[in-house]
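Here are the chains, one letter per residue:
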Amino acid sequence: MLLMLNPHSGKGQAHSLFTAHVQRMLQEASIPYTLIITERQNHARELVREADLSQWDALAIMSGDGLLFEVVNGLMEREDWEEAIKTPLGVLPGGSGNAVAASIHNYCGLQPMSGEDLLVSCGFMLCKGLVSRLDLISICTASNQRLFSFLSLAWGFVADVDSESEKYRHVGAARFTVGTLVRLMSLRVYQGKLSYLPAEQSGSYSSLEQSTESPTDFSQQIASSSDYSDSSPCANHPLHNFCNSNNAPKPKRTNLSQVSVLGPPDSLLVPLDQPVPAHWTVVSEQDFVLVLAVYQSHISEDLIAAPASRLEDGVIHLIYVKAGISRTALLRLFLAMEKGTHLSTNCPYVVYVKAQALRLEPYSPKGTITVDGEVVEYGPVQAQIHSSLARLIAG
Ligand code: ADP
Ligand code: MG
């Protein structure tokens, strides 16, 4: 296993936490690993972009969600992305935003944990080595940049808290609580246009809507191409059963001629300068407090934004809060989110829909959009789900 550790993640204690809680666990489970301490932002991204992946059964991170974001995007930037992204990924929570770790812990039906307890739980999952499929969301920005996301796309309140709370990093996971309270004091409205393709409506758009061999069937090609058993215990060694892409029959090559960047084609999307397809839903409100698209249950260790979300449900859980909500009601909403009950409080300002694609067009020239907690280019963005594209050691 290649384990990449960001020494500056969280309160800056990831390395000592690893030594104290995980190192011996990996030794006792006889899992050989190479530890790489990242030296700068994008170090891990460059590393996996260039790595000889035949050397590794799994790529793991000890950090927050930001380092996993680097790894996923590094893999998707490779010429052989189709095989590379099948490498099982592992997470050890060492950051301040450990949403994926909290989510996989939750999917196992375990009681909520945080901090070092969550780390030990995830260390155990890593040793067990059960591989699940993981949905990825392809996100296109105005400058035609393409990103792959496994957690969230946020604009408005949550994105501002994500970026502003960086300065409270020294308090660890509590930085989101502090950030939320500070933002509540200066609550504002964000104007823009939100459109989405509801999850119920299947089918692709225009020229790509063809036979079963069309690029839209990418996920099925992957599903039928693997010859190893996901989510099943391994016979001898926890890591032996990890994806060995060399043994798997190659999936049929997808026709990539329609797209200029690597990765599966976004068959549900039309270019950002064209109106969304007629069968999409355009939200009538244009004044929001927040827009949050999530594809895991948790958005931080203790905020359960989409309790129904699963690793490979093929769904973007889209939550938006309309302008007009009071500070008190918004605070109540975030407090309810700690239990994941906020969607059943019947707050008239909160809307929750399931989508498979979406477009967000902010009107103000300046602002913040975050993807998986990382600040990305601000402006119009659109996204679509690619079900089960990646693999994650979970459970
Ligand atoms: P946290 O949850 O504490 O924010 P992340 O894993 O999200 O932890 O990492 C925070 C940021 O640090 C990410 O943008 C990541 O790309 C970046 N990063 C990774 N390694 C390093 C490093 N060695 N020095 C500085 N930044 C790094
Ligand atoms: Mg982060």
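Anything mentioned here points back to the structure above.
Only a predicted model underlies this, so the values are computations on that prediction, with no experimental measurement involved. (Residues numbered from 1 in each chain as written. Chains lettered and ligands numbered in written order. Predicted model: local features only at pLDDT ≥ 70, side-chain atom pairs only at ≥ 80, totals over all residues. Heavy atoms only, no water.)

1. Observations regarding the packing of helix 8 (residues 175-185) against helix 10 (residues 327-337)
Packing of helix 8 against helix 10 brings their axes to within 10 Å, and their N-to-C directions diverge by 165°. What the angle tells us is that helix 8 and helix 10 run roughly antiparallel. The chirality of how helix 8 crosses helix 10 is right-handed. Seen from helix 8, the contacting residues are Thr180, Leu181, Leu184 and Met185; seen from helix 10, they are Arg327, Leu330, Leu331 and Phe334. (Axes fitted to C-alpha atoms, helices over the stretch in contact; angles between N-to-C directions. Helix = DSSP H or I, 4+ residues; strand = E, 2+ residues; numbered from the N terminus. Parallel < 35°, antiparallel > 145°, perpendicular 65-115°, else oblique. Left-handed = near helix turned anticlockwise from the far one by under 90°. Contact = heavy atoms within 4.5 Å.)

2. Examining the nonpolar core
Judged by nonpolar contacts, the single largest core of 86 residues is most densely connected at Leu59 and Leu153. In contact with Leu59, other than residues within four places in its own chain, are Leu2, Met4, Val48, Leu53, Val71, Leu75, Thr87, Pro88, Leu89 and Gly90. Counting residues in each nonpolar core, the second largest holds 25 residues, with Ala159, Val289, Val294 and Ala306 among its members. (Core = buried A, V, L, I, M, F, W, Y, C linked by side-chain atoms within 4.5 Å. Buried < 20%, exposed > 50% of the residue type's maximum accessible area, 1.4 Å probe, protein only.)

3. Observations concerning the environment of Met113
By the element assignment, Met113 lies in the loop between helix 5 (99-107) and helix 6 (115-128). Considering only alpha carbons, one finds Met113 and Glu301, 188 residues apart in sequence, at a separation of 7.9 Å. When near neighbours in sequence (up to four residues on either side) are disregarded, Met113 contacts His105, Leu118 and Ser121.

4. Topic: the site of ligand 1
Taken together, the neighbourhood of ligand 1 is formed by 21 residues, with Gly10, Gln41, Ser63, Glu70 and Glu374 sitting nearest. Leu67 places a polar main-chain atom, nitrogen or oxygen, 3.1 Å from an oxygen atom of ligand 1. Here Glu70 contributes a side-chain N or O atom positioned 2.3 Å from an oxygen atom of ligand 1. Relative to its unbound accessible surface of 560 Å², ligand 1 loses 87% to contact with the protein. The dominant element in the shell around ligand 1, judged by the number of residues it contributes, is helix 3 (residues 65-76), at four residues. Of the residues in the shell around ligand 1, the class split is two nonpolar, 12 polar and seven charged. (Near = heavy atom within 4 Å. Polar contact = N/O pair within 3.5 Å; in protein donor to acceptor, adjacent residues only side chain to side chain. Areas by Shrake-Rupley, 256 points an atom, 1.4 Å probe, with all protein chains shown as cover. Nonpolar A, V, L, I, M, F, W, Y, C, P; charged D, E, K, R; others polar.)

5. Thoughts on the packing of helix 5 against helix 6
A pair of packed helices can be characterised by two numbers: the angle between their axes and the separation between those axes. Relative orientation of the contacting elements helix 5 and helix 6 amounts to 70°, with a least axis distance of 10 Å. Classified by the angle their axes make, helix 5 and helix 6 are roughly perpendicular. Here helix 5 and helix 6 pass one another in a crossing that is left-handed. Together, Ala101, Ala102, Ile104 and His105 of helix 5 and Leu118, Ser121, Cys122 and Met125 of helix 6 make up the contact between the two elements. Its residues placed into classes, the contact of helix 5 with helix 6 shows six nonpolar, two polar and no charged.

None of the figures reported here should be taken as evidence of function without further support.
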